[in-house]
Amino acid sequence: MVKKSINTVSKIIDEIGNNEVDLDQALNVAGIGWYSIKYSLTLSMFLIAAIIEPVGYSFLLPAAKCDLQMTNSQRGFIGSVPYIGIVLTSFPWGYLVDTRGRKWMVIYSSVAAGVFGILAAFMPDLISFTIFKFLSSLCIACPAAVPYSFIGEILPARYRDITLSIINAMQISGAAMVPLLAWAILPLDFRVNFGLYEFRPWRLLAILYSSSFLISAAMLSFGPESPKYLVSQGRHDESLQVLRKIYSGNKLQPAENYPVRRLKLPAQDQKEKPSFVQSLVKQTVPLVKPPYVKWMALNGTLFFGLFATVNGLYMWLPDVLNRVLTGNSGGLTACGVIAQRLNETAVKNAVCDDSIQPITFMINTIATISCALIALGVSSTIKLLGKKTLLILVYLIIGLCCIFINVVTQDVLFAILLSSLPLMALAIGPVNAFAVEMYPTNLRGMAISLSMMVGRIGSIVGTNIAGLLINAACEVTFYFFGGMLLFCAALAFLLPKPKNKPTEKNVTHL
């Protein structure tokens, strides 16, 4: 009998009888086509929804400040609520995803996030609004992270990096939906009396932002479970069924033509499985001891500075931009205009103003789309530039932009400098890529999760610091964030040299 073989590059498989192949080989055979692209786009909708919800606060809260009677410090706290929820629930959701499945956990969490977010739009006061937004935030960690691994588990290995880079750029461009929807809804002038409160445009906008979770969940409900999860659970037949479906959709051939008949299943450990707490301790303790503790501290600090800026300070971008562009900016810096506006309000004892000028929406939309295009371009050239160089440049350039905000007196320059903040997201990929090289496989997932959690804490701190300082010490705000990013740029020099990956063999013989 002739020995059969599988070529994982050309995806040619002879009749292999009862020979087993691993999942990566099986995915190579299933290939890539319209079905995989459609499925990846569906999963990217969750990532976009998880961006729209917290970023939407940057327009929602200024428009709601009069109805909910919010101070700047209160707005800072409420703006940090999504990140508080993510920090509190990242580990529990990760555990549920690994034990209960990718698909339904993402769907259930997204439905809950959407429903609680919509209910928040009907709350009459600040306390009830915050409570329902907090309940929604407890469900965001799952759709904000799981789709990345889910996409990687339905694609052949050689397509994963470029696909995830494109998805990352799409996520940034999805943030453009925030100012576009706000531009369409907030200028509307309607009031519906509900007794305890009036239903105004910002409440409709809150409903639209949260509905993105429900739309994503509805789309995924028609898709299959991750084949990798099914294999990990020993569900051989179900995993093969999913792979046949992917093959049929990509190749436009009958599912019966899929040549793989058997998959290699993971060895079943006969020992009693550790509890969630025991597993958590086992995976965490090595990371806070040498030799990994120094890398944990470095990665955590880099993520802290990154997220404090891209999620914390950025939350105030529309409000600051609106105040500067509607003020008398002749010869004044941005902070000078903000101080002038505060003095005018104090003298006139003016009625609360929650209007946002159209130019603010326009500048935010253009800036977000521009950042997405730049992110896509830079992601495609990262091999030429090198991830360490890219990381240092991003921290350095955005840090200098924050500092120069205190110097420029031209509105156009100010708008460009402030609108550059979303480009900090370019640093997320390189920091995670270094984490993959720093830690062994058995600790890698927990290391990245802990580092990202420190980053989310940075989001909370950054949002609240900006809320407290933006009026009281405006210049200090931008010097603080700029200095923090320059400090992170210096720390990035301590990262190890990137490792050269070994050449992978193209042919696997069975």
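Relevant structure appears above.
The rules behind each value
Residues numbered from 1 in each chain as written. Predicted model: local features only at pLDDT ≥ 70, side-chain atom pairs only at ≥ 80, totals over all residues. Heavy atoms only, no water. Phe/Tyr/Trp six-rings, centres within 6.5 Å; stacked < 30°, edge-to-face > 60°. Helix = DSSP H or I, 4+ residues; strand = E, 2+ residues; numbered from the N terminus. Buried < 20%, exposed > 50% of the residue type's maximum accessible area, 1.4 Å probe, protein only. Lys NZ or Arg CZ within 6 Å of the ring centre and 35° of its normal. Disulfide = S-S within 2.5 Å. Axes fitted to C-alpha atoms, helices over the stretch in contact; angles between N-to-C directions. Parallel < 35°, antiparallel > 145°, perpendicular 65-115°, else oblique. Left-handed = near helix turned anticlockwise from the far one by under 90°. Contact = heavy atoms within 4.5 Å. Nonpolar A, V, L, I, M, F, W, Y, C, P; charged D, E, K, R; others polar. Core = buried A, V, L, I, M, F, W, Y, C linked by side-chain atoms within 4.5 Å. Salt bridge = Lys/Arg side-chain N within 4 Å of Asp/Glu carboxyl O.

Engineer: It is not clear to me how the packing of aromatic side chains should be interpreted in this structure. Could you clarify?
Structural biologist: The way to describe two aromatic rings as a pair is by their centre distance and the angle between their planes. Going through the model one piece at a time under the given rule, you end up with 13 aromatic pairs. Arranged with centres 5.5 Å apart and planes meeting at 25 degrees, the rings of Phe59 and Phe361 form a pair that is stacked. With Phe59 in helix α3 (residues 57-64) and Phe361 in helix α17 (residues 358-380), this pair connects stretches of sequence that are 302 residues apart. The exposure classification of Phe59 matches that of Phe361, with both residues buried. The interplanar angle of 35 degrees and the centroid separation of 5.8 Å between the aromatic rings of Phe122 and Phe199 together place this pair among those described as tilted. With Phe122 in the loop between α5 (102-120) and α6 (126-137) and Phe199 in strand β4 (residues 198-199), this residue pair connects regions lying 77 residues apart in the sequence. Among the aromatic residues, those joined into a ring-pair cluster are Phe122, Phe194, Tyr197 and Phe199. Positioned over the ring face of Phe434 is Lys387, at 5.1 Å from the centre of the ring.

Engineer: What's the story with the state of the cysteines in this structure? I'm lost.
Structural biologist: Counted according to the given criterion, the structure contains one disulfide. Covalently, Cys335 is tied to Cys474 through a disulfide, its sulfur atoms 2.0 Å apart. Torsion about the S-S bond of the Cys335 and Cys474 cystine: about -70 degrees, corresponding to left-handed handedness. Highlighted residues: Cys335 in helix α16 (residues 334-348) and Cys474 in helix α23 (residues 474-492), separated in sequence by 139 residues. Classification of Cys474 as buried rests on a relative accessible area of 6%. Cys401 forms no disulfide, and the closest cysteine sulfur to it belongs to Cys402, at a distance of 7.1 Å. You can call Cys401 buried: its relative accessible area is 12%.

Engineer: Even after reading the chapter, I still don't get the packing of helix α4 (residues 72-100) against helix α7 (residues 141-152), so can you show me in this structure?
Structural biologist: One can describe the packing of α4 onto α7 by two numbers: an axis separation of 9 Å at closest approach and a directional angle of 50 degrees. Comparing the axis directions of α4 and α7 gives the class oblique. Here α4 and α7 pass one another in a crossing that is right-handed. Where α4 approaches α7, its residues Ile86, Thr89, Ser90, Trp93 and Val97 are matched on the opposing element by Ala141, Cys142 and Val146. For the contact of α4 with α7, the class distribution of residues is six nonpolar, two polar and no charged.

Engineer: Can you help me understand the environment of Pro147 in this one?
Structural biologist: Looking at where Pro147 falls in the secondary structure, it is placed in helix α7. For Pro147, a relative accessible area of 0% translates into the label buried. Spatially, the C-alpha atoms of Pro147 and Met45 are 9.0 Å apart, while their sequence positions differ by 102 residues. Leaving out residues up to four positions away in the same chain, Pro147 has contacts with Leu43, Phe46, Leu47 and Cys142.

Engineer: Mind showing me how you'd approach the nonpolar core here?
Structural biologist: Across soluble globular proteins, nonpolar side chains have a tendency to be buried as a group. Judged by nonpolar contacts, the single largest core of 100 residues is most densely connected at Leu186, Leu302, Leu391, Tyr395, Phe414 and Leu418. Residues within four places of Tyr395 in sequence aside, it is in contact with Leu302, Phe303, Leu306, Met424, Ala427, Val431, Leu485, Cys488 and Ala489. Grouped together as the second largest cluster of nonpolar side chains are 45 residues, Phe46, Ala50, Ile154 and Tyr258 included.

Engineer: Explain the pattern of salt bridges to me, please; I cannot follow it from the model alone.
Structural biologist: A pair can form between side chains of opposite charge whenever their charged atoms are brought close. Enumeration according to the criterion identifies eight salt bridges in this entry. A salt bridge links Arg102 to Glu153; its shortest N-O distance comes to 3.0 Å. Here Arg102, found in helix α5, pairs with Glu153, found in the loop between α7 and α8 (157-174); they are 51 residues apart in sequence, far enough to count as distant. The exposure classification of Arg102 matches that of Glu153, with both residues buried. Measuring nitrogen to oxygen at the nearest pair gives 2.7 Å for the salt bridge that ties Arg191 to Glu198.

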